[in-house]
Amino acid sequence: MARKGDYKSWSPEELKGKTIIVLRNSPRAEYVAKNYPDSTVLAVDKEPAVYLELASGRGDIAFGSSVVSAESFLKKPEGKDFEQVGDTLFLGEDADGGVGIAVRKSDGALREEVNAALSSIMSDGTYNQLSGKYFDFDVTPQSAKK
């Protein structure tokens, strides 16, 4: 996220020379270190500090959890001048969004029921209707878009 209108994307070219705020020792921090060699990284110790540093102007753009940043910052008064930048970033080829429903490994029947229910609401449009009610960005897993 960044101040509204400041960036069209989070590409390394667009962020060259900029300060990126990210949670220290996180997959996002590893991604930024690897892919943004021409940017300065401001690593912080807690997710809320990502938003505090951004709001205070100590960084240009922040890489955070889409859901957490929306609920903890963008939808709050202190986030009114900020927005999500570009499409959701997935960290790696196998990344599917980082959200799941946990079931015991031994409970295959329940897993199949949950998967069938998810398939059903995705195919009839209910998933998009519900997610649009709560999120200002696409929360559809990558695997469901293929």
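Let's shift gears to the packing of aromatic side chains. What the rule picks out here adds up to four aromatic pairs. Aromatic side chains Y51 and F73 sit 5.5 Å apart centroid to centroid with 15 degrees between the ring planes, which places their arrangement in the stacked category. One end of the pair, Y51, is in helix α2 (residues 47-56); the other, F73, is in helix α3 (residues 66-74), and 22 residues separate them in sequence. Overall, the relative accessible area of 5% leaves Y51 in the buried class. Taken together, the ring pairs connect Y31, Y36 and F63 into an aromatic cluster.

In total, this model carries six salt bridges according to the counting rule given. For K75, the salt bridge is made with E71, and the minimal N-O distance between the two is 2.9 Å. For E71, a relative accessible area of 38% corresponds to the partly exposed category. A salt bridge links D81 to K80, with the shortest nitrogen-to-oxygen separation between them at 3.4 Å.

Scoring rules and cut-offs
Residues numbered from 1 in each chain as written. Predicted model: local features only at pLDDT ≥ 70, side-chain atom pairs only at ≥ 80, totals over all residues. Heavy atoms only, no water. Phe/Tyr/Trp six-rings, centres within 6.5 Å; stacked < 30°, edge-to-face > 60°. Helix = DSSP H or I, 4+ residues; strand = E, 2+ residues; numbered from the N terminus. Buried < 20%, exposed > 50% of the residue type's maximum accessible area, 1.4 Å probe, protein only. Salt bridge = Lys/Arg side-chain N within 4 Å of Asp/Glu carboxyl O.

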